[in-house]
Amino acid sequence: MINLIDLLETQQLPAESVTPAAYRVLGGPLASVLACAAGTLLICYLFGERQRSDSEPPLVPGSRLFGNGPQFQANAVQFLLDARRKFGSLFTIRFPGHHIHMLMNPHSIGEFSRARSLDFAPIHKQVTT
């Protein structure tokens, strides 16, 4: 049996024929690392969606990657008024990595708040002194 190292030392076998064909075709180990990183990002993008509960307010549709950021940045007031007209006074907007619940009617906060006492006098006293 012929030893591969002996063949390389005696220069009977070219060195490039020792590398596997897959590395020569794909560009080596760097391509493998890049392919794994791209696959991981794809899986996170496809399956990384937050699970919403049934009791949450409706979500304003937007880009899956940027959320409602571009719409909000273009004209924030008009965006909020349009969302209020379509989804009611309580809805959820999505920014990259965050879900923010918007309550557009300040008089209905008692219906949605768990705390029945909404006295802001102690907070006001702390802030102003």
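Note on numbering: residues in each chain are counted from 1, in written sequence order. Where totals are concerned, whole chains, interfaces and linings use all residues; where local detail is concerned, this predicted model gives features only for residues with pLDDT of at least 70, and gives and counts side-chain atom pairs only at 80 or more. To get the side-chain values, take all heavy atoms of the structure and skip hydrogens and water.

Asks: Help me understand the nonpolar core in this model?
Replies: Looking at soluble globular proteins, one finds that nonpolar side chains tend to be buried together. Take the buried residues of types Ala, Val, Leu, Ile, Met, Phe, Trp, Tyr and Cys, join any two whose side-chain atoms come within 4.5 Å, and each joined set is a nonpolar core. Partly exposed residues are those whose accessible area sits between 20% and 50% of the maximum for their type, while under 20% is buried and over 50% is exposed, using a 1.4 Å probe and protein chains only. Formed by Val-60, Phe-79, Leu-80, Ala-83, Phe-91, Ile-93, Phe-95 and Met-102, the largest nonpolar core amounts to eight residues. For helices the rule is a DSSP run of H or I covering at least 4 residues; for strands it is a run of E covering at least 2, with both sets numbered from the N terminus onward. Residue assignment for this core shows that the elements contributing at least two residues are α5 (76-87) and β1 (90-95). Working rule for contacts: check all heavy atoms of both residues, and any pair within 4.5 Å makes them a contact. When sequence neighbours within four positions are dropped, the list of residues in contact with Phe-91 reads Pro-57, Pro-58, Val-60, Leu-80, Ala-83, Arg-84, Ile-100, His-101, Met-102 and Met-104.

Asks: Can you walk me through the pattern of salt bridges in this structure?
Replies: Between side chains of opposite charge, a pair can form as their charged atoms come close. Any carboxyl oxygen of Asp or Glu within 4 Å of a side-chain nitrogen of Lys or Arg constitutes a salt bridge here. Evaluated as defined, the whole model comprises one salt bridge. Across the pair Arg-85 and Asp-82 runs a salt bridge, and its minimum N-O distance is 3.2 Å. With a gap of three residues between them, Arg-85 and Asp-82 both fall in helix α5, about one helical turn apart.

Asks: Whenever I open this one, the packing of aromatic side chains confuses me. Can you help?
Replies: What characterises a pair of aromatic rings is the spacing of the ring centres plus the angle enclosed by the ring planes. Ring pairs shown here join Phe, Tyr and Trp side chains whose ring centres sit within 6.5 Å, with only the six-membered ring taken for Trp; geometry is labelled stacked below 30 degrees between planes, edge-to-face above 60, and tilted in between. Taken as a whole and assessed by the stated rule, the structure comprises two aromatic pairs. Relative to Phe-79, the ring of Phe-72 lies with its centre 6.0 Å away and its plane at 85°, an arrangement referred to as edge-to-face. Note on Phe-72: relative accessible area 28%, which makes it partly exposed.

Asks: Is there a simple way to explain the confidence of the model for the protein chain in this structure?
Replies: Keep in mind that low pLDDT regions are not for reading the predicted coordinates in detail. pLDDT measures how confident the predictor is about each residue, on a scale from 0 to 100. On average, residues of the protein chain score 76 in pLDDT, and 68% of them are at 70 or above. Of all helices and strands in the protein chain, the one with the weakest mean pLDDT is helix α2 (residues 21-26) (55), whereas α5 scores best (92).

Asks: Explain α5 here, please?
Replies: Along an α-helix, residues three or four positions apart point the same way, because every turn accommodates 3.6 residues. By definition here, a helix of n residues has an expected span of 1.5 Å times n minus one. An ideal rise of 1.5 Å per residue puts 16 Å on 12 residues; α5 measures up with 16 Å between its terminal C-alpha atoms. Burial in α5 covers these residues: Phe-79, Leu-80 and Ala-83. Down the axis of α5, the sector holding all buried residues measures 95°, keeping them to one side. Turned more than 90 degrees off the buried face of α5, the exposed positions are Val-77 and Arg-85. In this structure, the buried residues of α5 make contact with α4 (69-74), β1 and β2 (98-103). By arc we mean the arc of the directions from the helix axis to the C-beta atoms, nothing more.

Asks: Where do I start with a nonpolar patch on the surface in this structure?
Replies: A contiguous nonpolar patch, built from Leu-42, Ile-43, Tyr-45, Leu-46, Phe-47, Leu-65 and Phe-66 and spanning about 770 Å² of accessible area, is present on the exposed surface. Within the secondary structure layout, Phe-66 lies in the loop between α3 (29-47) and α4. Exposure above 30% relative accessible area and the absence of a salt bridge qualify a residue for a patch, where like charges join within 9 Å and nonpolar side chains (Val, Leu, Ile, Met, Phe, Trp, Tyr) within 5 Å. Note on areas: these come from Shrake-Rupley sampling with a 1.4 Å probe, and a residue is covered only by the protein chains present in the view.

Asks: Explain the pairing of β2 to me, please; I cannot follow it from the model alone.
Replies: The side chains of a regular strand alternate, first on one face of the sheet and then on the other. In this description, strands pair whenever DSSP reports at least two bridges between them. Pairing of β1 with β2 involves six bridges; the strand directions are antiparallel. Bridging across to β2, Phe-95 finds its partner in His-98. Between β1 and β2, which pair antiparallel and follow one another directly, the connecting turn spans two residues, one of which, Gly-97, has a positive phi of 85°.

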